[in-house]
Amino acid sequence: MTRKKKAAKKKVVKKKAATKKKSADQNLSESLLELIRTTSTVLPDDIQRVILKALKKEEKKSSAEYALQIIKANIELAKKKSQPICQDTGTILFFVSHPVGFDQGKFTKTCHKAVLAATKIGYLRQNSVDSLTGKNDSMNIGPGHPSIHFHEHKKKSIEIRLMLKGGGCENVGAQYAMPYTGLNAGRDLDGVRKVILDAIVKAQGKGCGPGVLGICIGGDRGSGFIESKEQLLRPLDDKNPEPSLKKLERDITETANKLGIGPMGFGGTTTLLGCKIGVLNRLPASYFVSISYMCWAYRRQGVLLKSNSTVSKWLY
Amino acid sequence: MKKIDYPFKREQIRELKVGDMVLLSGTLLTGRDAVHKRLHEGVKPPVSLENQIIYHCGPVVIEDAKNKKYEVKAAGPTTSIREEPYQWEVMRDYGILGVIGKGGMGAKTLKGCQEYGCVYFHAIGGAAQVLAERIKSVKNVYWRDLGSPEAIWELEVEDFPVVVTMDSHGGSLHDEVQSSSEAKLKELL
Ligand code: SF4
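Residues numbered from 1 in each chain as written. Chains lettered and ligands numbered in written order. Predicted model: local features only at pLDDT ≥ 70, side-chain atom pairs only at ≥ 80, totals over all residues. Heavy atoms only, no water.

## Points about the interface of chain B and chain A
Many descriptions give the size of an interface as the accessible area lost when the pieces come together. With 35 residues of chain B at the contact, the number on the chain A side is 36 residues. For the pair chain B and chain A, the summed buried surface comes to about 2,900 Å²; carbon and sulfur atoms form 66% of the total. Linking chain B to chain A there are zero salt bridges. The interface formed by chain B and chain A holds 11 residue pairs in polar contact (both at pLDDT 80 or more) in total. Counting residues per element, the ones that place at least two in the side of chain B that touches chain A are strand 2 (21-30), strand 5 (69-74), helix 5 (128-133), strand 9 (152-166) and helix 6 (173-188) of chain B. (Contact = heavy atoms within 4.5 Å. Buried area = accessible area lost by both parts, 1.4 Å probe. Salt bridge = Lys/Arg side-chain N within 4 Å of Asp/Glu carboxyl O. Polar contact = N/O pair within 3.5 Å; in protein donor to acceptor, adjacent residues only side chain to side chain. Helix = DSSP H or I, 4+ residues; strand = E, 2+ residues; numbered from the N terminus.)

## A word on the sheet that holds strand 5 (residues 211-217) of chain A
For sheets, the rule is that strands pair by backbone hydrogen bonds, running either parallel or antiparallel. All names here are of chain A. Spatially, the four strands line up as an open sheet ordered 4-7-5-6, and their pairing is mixed. Strands with a single pairing partner mark the edges of an open sheet, and in this sheet they are strand 4 (174-177) and strand 6 (272-279). The mean inter-strand angle of the sheet, taken between neighbouring strand axes irrespective of direction, is 15 degrees. Of the pairings in the sheet, the one linking strand 4 to strand 7 (residues 288-294) comprises four bridges and is antiparallel in character. Within the sheet, the bridge partner assigned to A174 lies in strand 7 and is I291. Against the sheet, helix 7 (residues 221-231) touches strand 4, strand 5, strand 6 and strand 7, its axis set at about 40 degrees to strand 7. (Pairing = 2+ DSSP bridges. Axes fitted to C-alpha atoms, helices over the stretch in contact; angles between N-to-C directions.)

## Thoughts on the site of the ligand
Around the ligand, 13 residues are found, and the nearest of them are C86(A), C208(A), C295(A), R299(A) and K102(B). Near the ligand, residues from chains A and B are present, making the site a shared one. Each of domain 1 (20-42 + 85-166 + 298-314) and domain 2 (168-294) of chain A gives at least three residues to the shell around the ligand. (Near = heavy atom within 4 Å. Domains from an automatic or database assignment.)

## A closer look at the packing of aromatic side chains
Within the structure shown, the criterion is met by seven aromatic pairs over all chains. With 5.2 Å between their ring centres and 90 degrees between their planes, Y6(B) and F8(B) make a pair best called edge-to-face. Between Y70(B) and W153(B), the aromatic rings sit 5.4 Å apart at their centres with planes inclined by 80 degrees, giving edge-to-face as the arrangement. One end of the pair, Y70(B), is in strand 5; the other, W153(B), is in strand 9, and 83 residues separate them in sequence. For Y70(B), a relative accessible area of 23% corresponds to the partly exposed category. Aromatic ring contacts, followed pair by pair, group F102(A), F107(A) and F150(A) into a single cluster. A cation sits over an aromatic face here: R300(A) above Y316(A), 3.8 Å from the ring centre. Geometry around W143(B) places R38(B) over its ring, the cationic atom sitting 4.9 Å from the centre. (Phe/Tyr/Trp six-rings, centres within 6.5 Å; stacked < 30°, edge-to-face > 60°. Buried < 20%, exposed > 50% of the residue type's maximum accessible area, 1.4 Å probe, protein only. Lys NZ or Arg CZ within 6 Å of the ring centre and 35° of its normal.)

It is worth stressing that arrangement in space is one thing and function is another; only the former is reported here.
Structural data, given as structure tokens:
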């Protein structure tokens, strides 16, 4: 081998080593950016399936069917063009499950960078406003944005879930303090059922239905709403392990679809695509039912990372 | 499915009824909160609104300033109810034929539709990509000082899909569905 060639070979080796060295960090930012892109542009299979099923059920040539057809076309087009499914790319909610000893501060920094990059490319809209001045120049980074929730688990793996939750549907979320006398709703599952159905009727025409409800019974006003969002991380076709809640989830979905509100509030058979209910302990003095509404543009995805922070598996 | 092409005419609008599915082709003018507020304050519109349709939308537009070219990246409807205090006035004073938005509007607007012969078209909320694709070009932009999403964008659309949810005969799909679902809820509770 000539000296020149040897030198060249050495260079290549060096370069390889360098790539490897920067990998963990670099890989994490790339994985996060891909997670954001996919979440914003591709609706997960479990959601698509129920939307397609709903489309078949609506009366032919009705405005409900028409709305769902356009929604279906929009889902396909967004994926094809790798562009946001909805222009409101929403609150950016990360849920990170990690092993003991995980560096949350470092993750947060990398995460901010990925959000910034995704905003520049246009996977995310500039959607974060200073609440006092009304200024929107922070490229989605600011107090509480993105919203990152960490959970330590016993496993060695890192799982990152992302939800993009639009403003229209967030605005129709509701929290009831039970007993709720207006509806004669007491502190039991029958009372819970009443207030949930009430919230569905009140949300009509807003929040781009058909949607899915994430619900928490109990907790305080803060933890209740967070748990209601975490319920939306469950796969749409899973079964609640608690029999009484499993029954209630099905009852709510079936009953809601008898209300005739329909897609976009146009009337029709699909008002709700699903309902997920969780429970937290509460104080004897309080009994909250916290309801988060997710629109049809149900953008949530997740990744399981390998030890070098590349994606090992997509979670939905 | 009905097709309505520009120039839009009052007679066509009066024929429309709640539940009609319509494809609009031609010119639409965007206008949301800041535009309505300014009109309400008595500022004359920079372009005639006579026989026009106003779209409640804050589009995402990419601008090639040098070639004066615009590309609409996303253009879904925004929530209309925020214009409820002003919309009927715009119908009365400027001769518009209707508005496009989402979520429907209230009693004042419904009365305006009846008195001045206008309709409310509901676009499909969240369908940013499908709707952006039906926008063929940007013909002009007015009141840029309001900021890009709030400005008046003159859009050329083709087969823009909407549903009539409030008509000029006093019909409102929103009121209908609201009262029928409330009655149903009472039964089911
Ligand atoms: S409610 Fe959902 S689909 Fe509708 S505009 Fe907001 S994010 Fe988009």
